[in-house]
Structure formats: structure tokens, C-alpha cells
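Each chain is listed here by its residues.
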Amino acid sequence: MEYKIVLCGSEQGVEAMEKKYLFSPGPTMLPPEVLLKMAEPIMHHREPEFEKVMEEIRKGLKYLFQTKNEVMVFTSSGTGAMEGAVSNILAKGNKALVVRGGKFGERWGEICKAYGIEFVPIDVEWGKAVRPEQIRHALAEDPSIRAVYTQATETSTGVKHPIREIAGIVGKYPDTVLVVDAITGIGVFDLPMDAWNLDVVISGSQKALMLPPGLSFAALSEKAWTFVERSSLPKYYFDFKRELKSTQKNQSSYTPAVSLFVGLREALRMIQEEGLEALFRRHKKLAEATWAAVKALGLGLFAPEAPSEALTAVKVPEGIDGMKLQKLFFERFGITVAEGQDRVKGKIIRIAHLGYYDRLDMIMVISALEMLLKQMGYSFELGKGVRAAEEVFLKEP
Ligand SMILES: Cc1ncc(COP(=O)(O)O)c(C=O)c1O
């Protein structure tokens, strides 16, 4: 039987009333509570009212990052905090170790290069996680390495790296710090900064924090702050020492994105209300349901050995054009899923489940995937993916 998707009676298959759904791993969908707060009349950032906002943000971020350290907030996309984590941590002539298992791992290397920092890359096959032994080996080989740069989740492949194990290894080196890009990680799964001895943790607003893009975050351990003292690379806006001082006074060094800060306060309230344990459990369930659906449809996970709870990278089956599939999601259903980048362009699609997502959101996106695949000629039994996801959701806990 040939399937054609016609919605709301339109011959073109384009819905008359179009709703938009973001299932990209950043930016993600936003809660109305946050949107409404951000729509309030703007306040001035040097008034006491803003200091109150900052005070609550500081508490909320410490809870989220599971740290007693300050978490600094910058008005920039996540890459800004990445850059700061190089320029504030290293000194001229220092060497870094960079885990490169996808686009964002590559970015660590690019930033090091921009600052004239020599780095040793650990090139990990896309779709695989770095093995802790690789870090152990690289550090043993070259004791002059001062910092290890990695991702918690490599968003371009959907891989979750073994941060706890890596931290255990780096922690044995008093003169080396671990820097974790947890832009896709914080607020998704457990990454307790203090308990695991993570030295630098950075994040961004447009993922699990349920905010638009525009804020980045950085938190440093006491050990990492001693590196800042010694750092000699140029910096201005992303000057961690200056920003720490402002943060401690419930201020921001420069004009902050005030409305985003107000939204952040609300998002952090929601996160604290849900509680970290429940938050991590929810993400795990959403991820497990998506993985089960993908498998039930006879599709493969791109990162089967170490999939992240943040997003699912789905291998596009033979004979199906992945770029077209990604495009059709939007054209037919108003759904944005992410395509594969670089060497996996057209070969995978990435479905996000981090932040403001619930069970029925996932059922919806899986149902859309089924309808599109059916229409594109992929052979499987309709409803199998949705059913597999429902079965995961009905299982306790
Ligand atoms: C793991 C990771 N690192 C870094 C970035 C870069 O962040 P931004 O695009 O906000 O600068 C992203 C963004 O998607 C990411 O997922």
C-alpha cells in the first residue's frame, strides 16, 4: 500500500493550522512559565530588584551543578564559556589534552589553537565514547598536560562520555584539571561537580535549562581557581576572576541579558521544584522509551554503547535520504529534529529529550517518525515504535 500524509484535508500535505515543535538538542522547547516571566517589563540591572534575582540564581545554580562553588553566568552562547575555560585556565606554553569524538570535541581543539595552546588530541570514532584508559595512557605519556577537555555529551553524535571515571584519573594529577563541557548534560543526568571532583563545569541556557540561547555558565573548583591565578592568556569579557567578584555581590560585570536572567530564575525554580532525582529519572525514561522505539522500528542507535539521556541519534536506514527525512519532519508536522553534521550528514537524525519534554512529546515525535518512514517506503509495522515507547512508560518506576 502506498502511504501519503495528508493533514487537515490539504492536498499538499501541509497542515492548515501549524504548530511548531522543537526536538533539536538546542534550542529546546520552553515552558510557558519561563516565557511569561521573560515577557515582563524589563528591570535595570543595577537596581536592588536585579540583585534579588541574582541571589536566587546563585542558589539555584549551585543546586543544579551540585556544588558549593559559585556558578558564573555570562551573556553569551555556550561557546563563550568554552573559550573562557581555555583562556582562564591555561598559561602560555601549557599543553592540553582534548577528547575529539565529534563537532564539539573538535571545538575544544579549535579554541586551544586560537590561543596558541598546543594540544594532544584523543580522536574517538564518532558514535563511541572515550575510554578512560585512553585518558590514563595519555596523561602517563605526557605529564606536561595541564588540562583535559571533554564533553559530558557529545551532542553531534549522542554519545555520553564516562565523566566520573575520567575525573577519577585526572584527580590523581595535582597539576592537571578536568574541564567538562556539560552544555548537554547539566540538568539531564547526574554530574555532581563536588562529589566527583570536576574542576571546571560549563553549560549553556538553551538545553536542559529550558531557556532560549544566550546564557553560558562556568563553575570552578578550588583547584581550578589556582590555575586561574597562574593563567596568562589574554581575556577581557570572559575574565573569570572579575566575574566571580561581581557574582559574589549579586551583580554581573557588564550589562547582562536581563530578561534571560529573569527567565533563568524561573527555570531554576521549576527545576528545584521537580528535584534533581526526579529530573534525572524523567530524562532517563524519555531516553529509554526513544531507544526502545528506535529498535522496535528496526533502526539503529548511532551511539548504542554509550547513548546519552539528552538526545537520541538515530541511524537513517539504507535507501532513505536522511536530509529529506529531517526536512519532512518540519514540512509535514512542524517538528524540528536535528540532522547529522559533517561526516554523518544525511546518515543520522537527532531527536532531543532534554529539558521541557514529557512522555507524550516523545510519543508524538515517534509517531511522526513512523508516518514519515512509511511514506518514504521503509518497510515496518506501523505503530511498533509507539507501542515500544508506551511499554517503557508503563513500566515502573
Ligand atoms: C556539547 C556542546 N558543546 C558546545 C556547544 C556550543 O554551544 P553554543 O552553540 O551555545 O555556543 C553545544 C551546542 O549545541 C553543545 O551541544
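Residues numbered from 1 in each chain as written. Predicted model: local features only at pLDDT ≥ 70, side-chain atom pairs only at ≥ 80, totals over all residues. Heavy atoms only, no water.

**Q** Help me understand the packing of helix H5 (residues 132-141) against helix H6 (residues 163-170) in this model?
**A** Packed helix pairs are specified by the crossing angle of their axes together with the interaxial distance, meaning the distance between the axes. Close contact between H5 and H6 brings their axes to 9 Å; oriented N to C, the two are set at 20°. Taken together, the axes of H5 and H6 are roughly parallel relative to one another. The interaxial crossing formed by H5 with H6 has right-handed handedness. Contacts between H5 and H6 involve Pro132, Ile135, Arg136 and Leu139 on the former and, on the latter, Glu165, Ile166, Ile169 and Val170. When its residues are assigned to classes, the contact of H5 with H6 shows six nonpolar, no polar and two charged. (Axes fitted to C-alpha atoms, helices over the stretch in contact; angles between N-to-C directions. Helix = DSSP H or I, 4+ residues; strand = E, 2+ residues; numbered from the N terminus. Parallel < 35°, antiparallel > 145°, perpendicular 65-115°, else oblique. Left-handed = near helix turned anticlockwise from the far one by under 90°. Contact = heavy atoms within 4.5 Å. Nonpolar A, V, L, I, M, F, W, Y, C, P; charged D, E, K, R; others polar.)

**Q** Hey, could you run me through the pairing of strand E10 (residues 215-220) in this one?
**A** Taken residue by residue, a regular strand's side chains alternate between the two faces of the sheet. Of all six residues in E10, six are buried, a share of seventy percent or more. A two-sided burial pattern is seen for E10, the buried positions comprising Leu215, Phe217 and Ala219 on one face and Ser216, Ala218 and Leu220 on the other. Sheet topology places strand E9 (residues 200-204) next to E10; five bridges connect them, and they run antiparallel. Paired with Ser203 across the strands is Phe217, a residue of E10. (Buried < 20%, exposed > 50% of the residue type's maximum accessible area, 1.4 Å probe, protein only. Pairing = 2+ DSSP bridges.)

**Q** What is the right way to look at helix H2 (residues 48-65) in this model?
**A** In an α-helix there are 3.6 residues to a turn, and that puts residues three or four apart on one side. Its 18 residues give H2 an end-to-end C-alpha distance of 26 Å, which sits within 8% of 26 Å, the value for a rise of 1.5 Å per residue. Buried-residue contacts for H2 involve strand E2 (71-75), E9, E10, helix H8 (240-248), helix H9 (258-274) and helix H10 (276-296). (Expected span 1.5 Å × (residues − 1).)

**Q** Looking at this model, I keep getting lost on the site of the ligand. Mind explaining?
**A** Near the ligand you find 14 residues, and of these Ser77, Thr79, Thr155, Asp181 and Lys207 are the closest. The separation between an oxygen atom of the ligand and a polar side-chain atom of Ser77 is 2.5 Å. Within the side chain of Thr79, one N or O atom sits 2.5 Å away from an oxygen atom of the ligand. Burial of the ligand by the surrounding chains reaches 88%, relative to a free accessible area of 380 Å². Of all the secondary structure elements, the ones that give two or more residues to the shell around the ligand are helix H3 (78-87) and helix H4 (103-114). The dominant element in the shell around the ligand, judged by the number of residues it contributes, is H3, at three residues. (Near = heavy atom within 4 Å. Polar contact = N/O pair within 3.5 Å; in protein donor to acceptor, adjacent residues only side chain to side chain. Areas by Shrake-Rupley, 256 points an atom, 1.4 Å probe, with all protein chains shown as cover.)

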